[in-house]
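# Descriptive analysis of the structure
Now for the letters of each chain:
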Amino acid sequence: MNARYLVELSQAERSELKALLSGGKHSARKLKRAQILLAADAGASDEGIAASVGVGGSTVYRTRRRFVLGNLEAALSEEQRPGAARKLSGKEEALLIATAYSSPPAGRARWTLELLADALLRLTEHDSISRETVRRRLAENDLKPWRKEMWCIPQVDGEFVARMEDVLDLYAEPADPKRPIICFDETPIQLIGEVRQPIAAEPGQLPFPLLHIDTSWKFREMIAFRDATAKRLGLELIVYVHEEGVANNINPIDSGSALHTRVADEQPAKKLVRFRSLGCYPLTAAI
């Protein structure tokens, strides 16, 4: 007998355990714990209980302890097991998904689990990543890249990862009702009705400023319309111009649209997102 954790069942608890053993669908471990408690209540020793039930002495000890320190339900249920930490972080899982939907390596028609694990090793700081880790993460997101016949991401390189992390960092910020994050996501679905009753708009002042990243290559009529609209609605408008791009005469005609977009639009946007995350710039919405 274990004198430290003495099991004394009430009549109701005995009846519950006997009913549990008499029928119903229960796990084998739960049934063994019920047998342990009934035997311990009858005065059997730990060694005798372990031999008759077919468990180890530590199982008998833990069942006694959980009953005495907790209750009958705690003694019968499974203890929460900590398990190993997830191998991949949230950003690394996003990187895995992006890689799975990119073009496979040269000479390969499809991504395999081994190829994806090798690609993640090159893109992360892990020393090893098993194919099973890759398989589980893909299964959780219901992804089967080896069945895809087209790829929506041409290549996952350093530039793509940097842009992806900027977006993920923004979404990871804690919710702030004074600075809501508005996302306009492209989708091929046509909106033909409201799923929920919409909240009616009310007259009032926007509680946050609006930002316009001015590339300096907009039509004068557009700028005039912007300024007139902001004035008419009483909006606080912040206009940002990438001075370095203007000074170097980066424009869509002489420099090409790709370079101009990167310098005049994307780099300022990324810079302002970082300033916002540091609390240096009170921006919430951009136009």
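Everything here concerns the structure above.
Residues numbered from 1 in each chain as written. Predicted model: local features only at pLDDT ≥ 70, side-chain atom pairs only at ≥ 80, totals over all residues. Heavy atoms only, no water.

### A short note on the nonpolar core
- Ranked by internal contacts, the top residues of the largest apolar core, which has 21 residues, are Leu95, Leu96, Leu116, Leu120, Ile129, Val134 and Leu138.
- Counting residues per element, the ones that place at least two in this core are α6 (90-100), α7 (113-123), α8 (131-140) and α9 (158-172).
- Ranked by residue count, the leading element in this core is α7, at six residues.
- If near-sequence neighbours (up to four positions away) are discounted, Ile129 is found in contact with Lys87, Leu88, Ala117, Leu120, Leu121, Thr124 and Val134.
- Counting residues in hydrophobic clusters, the runner-up holds 19 residues, among them Leu9, Ile36, Leu38 and Ile49. (Core = buried A, V, L, I, M, F, W, Y, C linked by side-chain atoms within 4.5 Å. Buried < 20%, exposed > 50% of the residue type's maximum accessible area, 1.4 Å probe, protein only. Helix = DSSP H or I, 4+ residues; strand = E, 2+ residues; numbered from the N terminus. Contact = heavy atoms within 4.5 Å.)

### Things to note about α9
- With 15 residues, α9 extends 21 Å from end C-alpha to end C-alpha; this agrees with the ideal 21 Å at 1.5 Å per step.
- Along α9, the positions that sit buried rather than exposed are Val161, Met164 and Asp166. (Expected span 1.5 Å × (residues − 1).)

### Examining the pattern of salt bridges
- Scanning the model with the defined rule gives eight salt bridges in all.
- In this structure, the salt-bridge partner of Glu132 is Arg136, at a minimum N-O distance of 3.6 Å. Note that Glu132 and Arg136 are positioned in helix α8 at a spacing of four residues, about one turn of the helix.
- A salt bridge links Asp227 to Arg226, with the nearest nitrogen and oxygen atoms 2.9 Å apart.
- Several salt bridges share partner residues, and in doing so they unite Glu93, Arg137 and Glu140 into one network. (Salt bridge = Lys/Arg side-chain N within 4 Å of Asp/Glu carboxyl O.)

### Quick notes on the packing of aromatic side chains
- One pass over the full model with this rule turns up one aromatic pair.
- With a centroid separation of 5.6 Å and an interplanar angle of 75 degrees, the aromatic rings of Tyr5 and Tyr61 are classed as edge-to-face. Within this pair, whereas Tyr5 is found in the segment before α1 (11-22), its partner Tyr61 is found in helix α4 (residues 57-69), the two being separated by 56 residues in sequence.
- The exposure class of Tyr5 is buried, given its relative accessible area of 7%. (Phe/Tyr/Trp six-rings, centres within 6.5 Å; stacked < 30°, edge-to-face > 60°.)

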